[in-house]
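The chain contents come next:
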Amino acid sequence: MKPKKNSLSDLGGIMYSTNPEFEYEEEVDNTVTSPNNQQDLRVMLDKKNRGGKAVTLITGFKGRTEDLEVLGKMLKTKCGVGGSVKDGEIMIQGDVRDKVMGILQKDGYKVKKAGDSIIWLNYN
């Protein structure tokens, strides 16, 4: 049985109007993309919820979604692999962290490798 929809927000926020002069107002993204040298990106390896497959995850981009998609496409092309851009993150298939970091640093981004925790034990 389908759940009952109780309000207009359950319908996705769009409703029908019989007014012939009605114009739907689209939301405009006024976000400005920060310059490359002001971006603080994190590059990490992620295997969670991916069936054991590894992806290189790039987070921390500040700016428009279109600019993030352009950066994602450029990284996928230069690495020669697939991937996607979702929820403000770039996912690149495989473990290509070092290659991605080199490409981003060459383009002037501030990049840090995240998620690597090495524990050194001293047995004396």
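Fair warning: this is a prediction, and the values are worked out from it, not measured in the lab.

Engineer: What am I meant to see in the nonpolar core here?
Structural biologist: Nonpolar side chains tend to gather and get buried jointly when the protein is soluble and globular. Counting residues in each nonpolar core, the largest one holds 17 residues, and the members touching the most others are Ile58, Leu75, Val100 and Leu104. Counting only elements with at least two residues in this core, the list comes to strand 1 (40–46), helix 1 (65–79), strand 4 (89–93) and helix 2 (97–106).

Engineer: Explain the pairing of strand 1 here, please?
Structural biologist: Working note: regular strand, side chains alternate between the two faces of the sheet. Two elements, strand 1 and strand 5 (residues 110–113), share 4 bridges in a ladder whose sense is parallel. The partner of Val43 across the bridge, within strand 5, is Lys113. Relative to strand 2 (residues 55–59), strand 1 runs antiparallel, the two being bridged by 5 bridges. Paired with Asp46 across the strands is Val55, a residue of strand 2.

Engineer: What is the right way to look at the pattern of salt bridges in this model?
Structural biologist: Note on pairing: side chains with opposite charge can pair once their charged atoms come close. Per the counting criterion, the structure on display carries 4 salt bridges. Asp40 serves as the salt-bridge partner of Arg42, at 3.6 Å between the closest nitrogen and oxygen. Arg42 sits in the partly exposed class, given a relative accessible area of 27%. Asp40 sits in the partly exposed class, given a relative accessible area of 28%.

Conventions and cut-offs
Residues numbered from 1 in each chain as written. Predicted model: local features only at pLDDT ≥ 70, side-chain atom pairs only at ≥ 80, totals over all residues. Heavy atoms only, no water. Core = buried A, V, L, I, M, F, W, Y, C linked by side-chain atoms within 4.5 Å. Buried < 20%, exposed > 50% of the residue type's maximum accessible area, 1.4 Å probe, protein only. Helix = DSSP H or I, 4+ residues; strand = E, 2+ residues; numbered from the N terminus. Pairing = 2+ DSSP bridges. Salt bridge = Lys/Arg side-chain N within 4 Å of Asp/Glu carboxyl O.

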